[in-house]
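# Breakdown of the fold
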Amino acid sequence: MDATRAFKETIQAYLMEMATYDTNFAERYADPKKNINDCVTYILNQVQESGCNGFEDDEIYGMAVHYYQEEDIEVNKSVDYLHVVVNHVVELTDEEKAEARREAMAQYQRDCYNRIANRKKPTAKRERTAQVQPMLFNF
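Everything quoted here is computed from the prediction, not taken from an experiment. Each chain has its residues counted from 1, running along the sequence as written. Only residues with pLDDT of 70 or above have their local features reported here, since the model is predicted, and side-chain atom pairs are shown and tallied only from 80 upward, although totals for entire chains, interfaces and linings are computed over all residues. With hydrogens and water set aside, each side-chain value is computed from the structure's full complement of heavy atoms.

### A look at the overall build of the protein
Test applied: For helices the rule is a DSSP run of H or I covering at least 4 residues; for strands it is a run of E covering at least 2, with both sets numbered from the N terminus onward. Partly exposed describes any residue whose relative accessible area lies between the buried limit of under 20% and the exposed limit of over 50%, with all areas from a 1.4 Å probe on protein chains only and scaled to the type maximum. Contact between two residues is taken to exist if any of their heavy atoms lie within 4.5 Å; hydrogens are not considered. The method behind every accessible area is Shrake-Rupley, applied with a 1.4 Å probe, and residues are considered shielded solely by the protein chains displayed.
Counting its secondary structure elements, the protein contains five helices and zero strands. In the protein, the order of α-helices and β-strands from amino to carboxyl end is α-α-α-α-α. Buried residues in the protein amount to 24% of all 139 residues. Across the protein, the fraction of contacts at a sequence separation of at least 24, relative to all contacts at a separation of at least 6, is 80%. Carbon and sulfur atoms form 51% of the exposed surface of the protein, whose accessible area is close to 11700 Å².

Listed below in structure tokens is the structure:
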């Protein structure tokens, strides 16, 4: 599942918190036939089928809870081409920051190289020779 890690972690954190205060849900959440990857796939398919581009947090959380509460729920196929956005700050690890910096530097170097390579080469300038114009009057 290629949903963003932050989206998956946000859904999982919500479900774990709900399981701590709702014992009935905790039993459903512990079902070995259910997992967070299928839950996220289910949510993404529901979003895609709706045709909407934005949802309230509670709507998405409700889909996640519904996935765990239903015994036989159809997950459908993985949706790899959707872009998932979460509405909170995502903290990157030091390794992720270093990797992002390396990628940015490499992209910057490629851009600079392409700019230099595509620059028009200067044409040779002709030297102007001073033309002597004949004078009608000599002084």
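There's plenty left to go through after this.
### Thoughts on a negative patch on the surface
This is how it is decided: To count toward a patch, a residue needs a relative accessible area above 30% and no salt bridge. Like charges then connect within 9 Å, nonpolar side chains (Val, Leu, Ile, Met, Phe, Trp, Tyr) within 5 Å. Any carboxyl oxygen of Asp or Glu within 4 Å of a side-chain nitrogen of Lys or Arg constitutes a salt bridge here. The charge count treats Lys and Arg as positive and Asp and Glu as negative. His and the chain ends do not count. Charge positions come from single atoms, namely NZ of Lys, CZ of Arg, CG of Asp or CD of Glu.
Together, Glu56, Asp57, Asp58 and Glu59 give the surface a local cluster of negative charge. Checked against the element boundaries, Asp57 lands in helix 4 (residues 57-69).

### Brief notes about the packing of helix 3 (residues 36-50) against helix 4
Our working definition: Note on geometry: axes are C-alpha line fits, over the in-contact stretch for helices, and angles between N-to-C directions span 0 to 180 degrees. Put simply, angles under 35 degrees are roughly parallel, angles over 145 are roughly antiparallel, angles from 65 to 115 are roughly perpendicular, and the rest are oblique. By the definition used in this description, the sense in which the near helix is turned from the far one sets the handedness, with an anticlockwise turn below a right angle giving left-handed and a clockwise turn giving right-handed. Residue classes follow a fixed rule: Ala, Val, Leu, Ile, Met, Phe, Trp, Tyr, Cys and Pro count as nonpolar, while Asp, Glu, Lys and Arg count as charged, and any other residue, Gly among them, counts as polar.
As a packed pair, helix 3 and helix 4 sit with axes 9 Å apart at the nearest point and diverge in direction by 125°. Viewed along their axes, helix 3 and helix 4 adopt a mutual orientation that is oblique. The two elements helix 3 and helix 4 cross, and the hand of that crossing is right-handed. Of helix 4, the residues touching helix 3 (which contributes Ile36, Asp38, Cys39, Tyr42, Ile43, Gln46 and Val47) are Ile60, Met63, Ala64, His66, Tyr67 and Tyr68. Across the contact of helix 3 with helix 4, the residue classes break down as 10 nonpolar, two polar and one charged.

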